[in-house]
Each structure stands twice: as C-alpha cells, then as structure tokens.
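Residues per chain, in single letters:
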Amino acid sequence: MLNEREVVFFSLTEHPLTSQLVELVGGRPGEISTRRFPDGETYLRVMTPVSGLHCVIVADMTYPDDKFLALIYLADTLKELGAASVGLVVPYLPYMRQDVRFQDGEAVTSRLFARLISQHLDWLVTVDPHLHRYHSLDEIYSIPSRVVQGAPALTEWLKGQTNLLLVGPDAESEQWVSGIAALSGHPFVIGEKRRYGDRQVEVSLPDMEAFTDRTAMVIDDVISSGHTILECVASLKARGITRIQCAAIHGIFADQSDARLRQAGLDALVTCNTVVHNSNRVNVAPLLAPPINELLAAMANRQLL
Ligand SMILES: O=P(O)(O)OC[C@H]1O[C@H](OP(=O)(O)OP(=O)(O)O)[C@H](O)[C@@H]1O
C-alpha cells in the first residue's frame, strides 16, 4: 500500500463510496470547485495540491454526456498540476451496451468512449460492466482495468432468504443468476428476451408450475428504463407467482422506473451502491479497495522505473 499522503481521492459528483475508499485504501480526500458558466460551459478548479501524488477520481457516470467533459477536464488538470498518475473508479461503467454496429452507420460508442477514457486516464476500476459481445474490457480499453463482481455480495444478502426462485430475464443474465444459484442453493430459471427498442422488450419465461409457492427473485446486471423487469413481473404474475422481488447490480432507474416497478407489484428492490439510490443494500466499497490498491502500487512502481 502507498503511503497515505501519496494518494488523493476526488469525487466528480458526490458519491458515498469516496469517503469509504479514502478509509479502506488509505489516502485523503481532495477538493475541487466546479460550476457552470451562464452559457453552460464548465468551470473547474482543483483546490488540493497534487504535485507528485497519485490521484483517484471516483465518478458516478450515469447520464455520462452531462459529466464527461468535466471528467476529462479534471483528469487533464490533475496531470498539468503534476499528479504522478490519475486513475478512475467508475462504479457503473456507461456506454457498454452499443457494442456493435447493429445498423449501417451507427457509432460503436462503447469503443469510442473507451478510447477517449484511455487517452486521459491511467487506469480504471469498475463493477460488473455490461460485457455482452466483449469478453473483457481489454478489448476496448488500452489502460489497465480491473472488474469487480457484485454477484457474490448480492448472494450474501440473499442467503438469509428462504424459498426463493431466482429468475434471469435473458441469456446474458445467466452468468450472474447461475453463479448466485450455485452459492446460495436456490433453484433458477432463465427467460428469453427480445428487444424491439430502447423501451420495448418482450420476456418469455419457461414453465414454472413447480415453483408457484416460492418468492421469485428477478436478477439482472442493470435496471435502466425498467421495462425488462416490468416484463418479468407481468410474466411471473401470469404464471401464478404472487411474491416477486428484484435484485440488480446497478439501478439507474431512468424515467422514474423505480416507482413504476413498485406499482407493478414488486415486494422488494435491492441494488448495490454503484449508483446511489434508496434501494442500495449491498456495499461494494470493500470489493473495490483491493484492485485500487493493486493499480496504485503498479503506478508507483512505474514511477520508480
Ligand atoms: O431496464 P431496461 O431498459 O430494460 O434495460 C436493462 C436491460 O438491458 C440490458 O440488456 P440489453 O437488453 O441491452 O441486452 P444485451 O445483453 O443484448 O446488451 C441489461 O442486461 C438489462 O437486462
């Protein structure tokens, strides 16, 4: 571990993970001052001396287009002010879903976003990025990256529950659902999802007559518009399952979808604290600290070379 005085943590926007990481990794909080000029441009000032120090930016990058320039300004300013390295802890990594040119002429934004981040930061740590057609972040990020898995922590939370049926909405969710099933001993089913648009999906679930006395726990990596989970809830109800809960790694809840999920009859909604929300029950800070330490040590070694 680096000497405490050598690491400074900055929050791009307030995130409770920052103070926890300061404690767990060792270091001190840095201060920035930022605001918008009347014409919408960003003002940013680094208030903490950083010359020769290793900097870590903790950034909630949901709605990334609102924050991206400020992130780049902060990273570049820290380097101009003499920071030895600038890393990024991005608990929810955005722009991972457009991983292919589905139609001619589309921007493959996952790759473009990764290229831009890699040009301005030295390393990256995140939680369960939406790896569908990519197998690893190394395929698109040219900086060292580490991925933390939220599923084992979700499993800990689920362990106290009995008589559950785990439900994955689509083939991609099987990686999380089967892992949680193996650790918790609950049975699971996987559905088939067809996506017709940003807010249009269809989920068909297999027959589950044998499980109607159980509480269904729908598990997914991310809830955005909420339509995937809403479809699951409708499908489960149609199969006679009355107690339905949901656990996800990242809860973005665009379009106030959390309220619609509750109205639809979800009994409980649980997320990791990657995106701040009142459903946060699983703390990922202890999972993030070891890879951050590892990358900070690598940066310190690089300095010595
Ligand atoms: O809340 P929603 O707006 O429904 O979005 C969330 C869903 O979308 C993602 O998969 P996606 O359908 O993008 O499939 P992919 O695995 O093909 O990328 C994700 O895995 C969720 O299942």
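As recorded in an unreviewed UniProt entry, the protein goes by the name Ribose-phosphate pyrophosphokinase, listed as coming from Marinobacter zhejiangensis. The UniProt entry for the protein carries the following comment under Sequence similarities (unreviewed entry): "Belongs to the ribose-phosphate pyrophosphokinase family."

### Some remarks on the site of the ligand
The immediate surroundings of the ligand are formed by 17 residues, with Arg195, Asp220, Asp221, Ser225 and Thr228 found nearest. Arg195 has a polar side-chain atom sitting 2.6 Å from an oxygen atom of the ligand. When the free accessible area of the ligand is taken as 510 Å², the share hidden by the protein chains comes to 92%. A majority-of-atoms criterion places the ligand in the largest pocket.

### Considering the nonpolar core
Ranked by size, the top nonpolar core spans 38 residues in total, and within it Trp123, Leu166, Ile219, Leu288 and Ile292 carry the most contacts. Sort the elements by how many residues they give to this core and helix α8 (residues 285-304) lands first, with seven residues. Both domains that meet at this core, namely domain 1 (4-149 + 284-304) and domain 2 (151-282), each give it at least three residues. Beyond its immediate chain neighbours, meaning those up to four positions away, Ile219 contacts Leu158, Leu166, Val167, Gly168, Pro169, Ser173, Trp176, Val177, Ile180 and Ala247. Counting residues in hydrophobic clusters, the runner-up holds 37 residues, among them Val46, Leu53, Ala59 and Ile143.

### A look at the sheet that holds strand β7 (residues 123-127)
The strand order β2-β1-β5-β6-β7-β8 describes an open sheet built from six strands, whose pairing is parallel. The sheet is open, and its two borders are formed by β2 (28-29) and β8 (145-148), each paired with just one other strand. Here strand β1 (residues 7-11) runs beside strand β5 (residues 54-58); their pairing, made up of five bridges, is parallel. Paired with Ser11 across the bridge in β5 is Val58. Across the face of the sheet, helix α2 (residues 68-80) comes into contact with β1, β5 and β6 (85-90) while running at roughly 170° to β5.

### Notes on the layout of surface pockets
By volume, the largest pocket amounts to about 1,200 Å³. What lines the largest pocket is a set of 40 residues, and nearest its centre among them are Tyr92, Arg97, Arg195, Asp198 and Ser224. Mapped onto the lining of the largest pocket, the elements with two or more residues apiece are β11 (192-197), β13 (215-223) and α6 (227-238). Of the residues belonging to the lining of the largest pocket, the class tally is 13 nonpolar, 12 polar and 15 charged.

Cut-off values and rules
- Residues numbered from 1 in each chain as written.
- Predicted model: local features only at pLDDT ≥ 70, side-chain atom pairs only at ≥ 80, totals over all residues.
- Heavy atoms only, no water.
- UniProt positions renumbered as here; feature names shortened; annotations may be inferred.
- Near = heavy atom within 4 Å.
- Polar contact = N/O pair within 3.5 Å; in protein donor to acceptor, adjacent residues only side chain to side chain.
- Areas by Shrake-Rupley, 256 points an atom, 1.4 Å probe, with all protein chains shown as cover.
- 1 Å grid on protein atoms, 1.4 Å probe; cavity = no way out; pocket = protein on both sides within 12 Å on 5 of 7 lines; lining within 4 Å.
- Sits in = over half its atoms within 2 Å of the grid points.
- Core = buried A, V, L, I, M, F, W, Y, C linked by side-chain atoms within 4.5 Å.
- Buried < 20%, exposed > 50% of the residue type's maximum accessible area, 1.4 Å probe, protein only.
- Helix = DSSP H or I, 4+ residues; strand = E, 2+ residues; numbered from the N terminus.
- Domains from an automatic or database assignment.
- Contact = heavy atoms within 4.5 Å.
- Pairing = 2+ DSSP bridges.
- Axes fitted to C-alpha atoms, helices over the stretch in contact; angles between N-to-C directions.
- Points joined across faces, edges and corners; volume = space filled by probe spheres on them.
- Nonpolar A, V, L, I, M, F, W, Y, C, P; charged D, E, K, R; others polar.

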